[in-house]
Amino acid sequence: MHTRQYDLILWGASGFTGRLVAEYLTSASLSDPLNWAVAGRNREKLQRMLNELGHPQIPIIIADGFNKDSLLAMTAQTRVLCTTVGPYTQYGSLLVEACVASKTHYCDLSGEAGWMRQMIDRYHQAAADAKIKIVHSCGFDSIPSDMGVYFLQKEIHKQYGVYATHIKTLVKAAKGGLSGGTFASMIAQINQAKADRSFARLIANPYTLNPDPTFKGPDRPDLQGLYFDPVAKSWIAPFVMAGINTRIVRRSHALQGFPYGEAFTVRKP
């Protein structure tokens, strides 16, 4: 993998979220130079986006998201493939397969728990055997929750010698809105849940992303209505991303071997 042409290929760079990632990569002060490229279906759109960012020289790769050979040719060129193209149920499965086949690390912004469960079942062991990483939900979807719990528990243990048995996180304010891809992903999950009761039960399971989805813990479904929180001293409403954020935290905890105990609970209204 160290001999590959690129360190990173950004798939879907001309979309709303892809452009934000490309903008960051062109402006970030990185300690080591990053050899990267953008990729997508339309060369003109990608070149126009790079021109607008003031970096027209960045390489462009054209691939067909529904053609496995095309995706294999792309993923074989890079150490890491980052995709911002959703709904992942529609556009992600073949790409994950290509990354595993070409032994390329993969990351996305998915908030689609049902699809992620499918990818875990199909490719977790193959990825582990190939010594590559498949990382879902590594954006605003879940990083603040996942890493926030990790660092909070690390500090609690450092000060008190024990871990917290329950953590609750609240979102006070946030800027921005839903991208078209995020909205499409939400609609896709809702429609699939309406059509398939087993899928509805799958995404309702608080532990659906655990390595063992049959794990029985004390956590319950996420908040469904308003309630008054005595700690925050405020009325609390459900958070749109709670359903994926809490499951990512539980998966990370399980993958670490349950260091906080199997009775650990996490809540994000």
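Residues numbered from 1 in each chain as written. Predicted model: local features only at pLDDT ≥ 70, side-chain atom pairs only at ≥ 80, totals over all residues. Heavy atoms only, no water.

## A look at the nonpolar core
- In terms of nonpolar packing, the biggest core is built from 29 residues, with Ile9, Trp11, Met74, Leu81 and Tyr106 touching the most fellow members.
- If you list the elements that add at least two residues to this core, you get strand S1 (6-11), strand S2 (36-40), helix H3 (68-75), helix H5 (93-101), helix H6 (113-130) and helix H10 (242-255).
- At seven residues, the largest contribution of residues to this core is made by H6.
- In this structure, Leu8, Leu10, Trp36 and Cys82 belong to the second largest nonpolar core, which totals 15 residues. (Core = buried A, V, L, I, M, F, W, Y, C linked by side-chain atoms within 4.5 Å. Buried < 20%, exposed > 50% of the residue type's maximum accessible area, 1.4 Å probe, protein only. Helix = DSSP H or I, 4+ residues; strand = E, 2+ residues; numbered from the N terminus.)

## Focus: the environment of Ser93
- As for its placement among the helices and strands, Ser93 is situated in helix H5.
- Overall, the relative accessible area of 19% leaves Ser93 in the buried class.
- As a C-alpha pair, Ser93 and Gly65 span 28 residues in sequence and 9.7 Å in three-dimensional space.
- Apart from residues lying up to four places away in sequence, Ser93 is in contact with Tyr88, Trp115, Met119, Arg122 and Tyr123. (Contact = heavy atoms within 4.5 Å.)

## Details of the pattern of salt bridges
- Applying the stated criterion across every chain yields a total of six salt bridges.
- With a shortest N-O distance of 2.4 Å, Asp229 and Lys168 are connected by a salt bridge. Taken as a pair, Asp229 in strand S8 (residues 227-229) and Lys168 in strand S7 (residues 166-168) lie far apart in primary sequence, 61 residues in all.
- Judged by relative accessible area, which is 0%, Asp229 ranks as buried.
- A relative accessible area of 34% means that Lys168 is categorised as partly exposed.
- Between Arg250 and Asp219 there is a salt bridge, with its nearest N and O atoms 2.9 Å apart. You can see Arg250 sitting in helix H10 and its partner Asp219 sitting in the loop between helix H9 (197-204) and S8, a full 31 residues away along the chain. (Salt bridge = Lys/Arg side-chain N within 4 Å of Asp/Glu carboxyl O.)

Take it as geometry only, folks, not as evidence of what the structure does.
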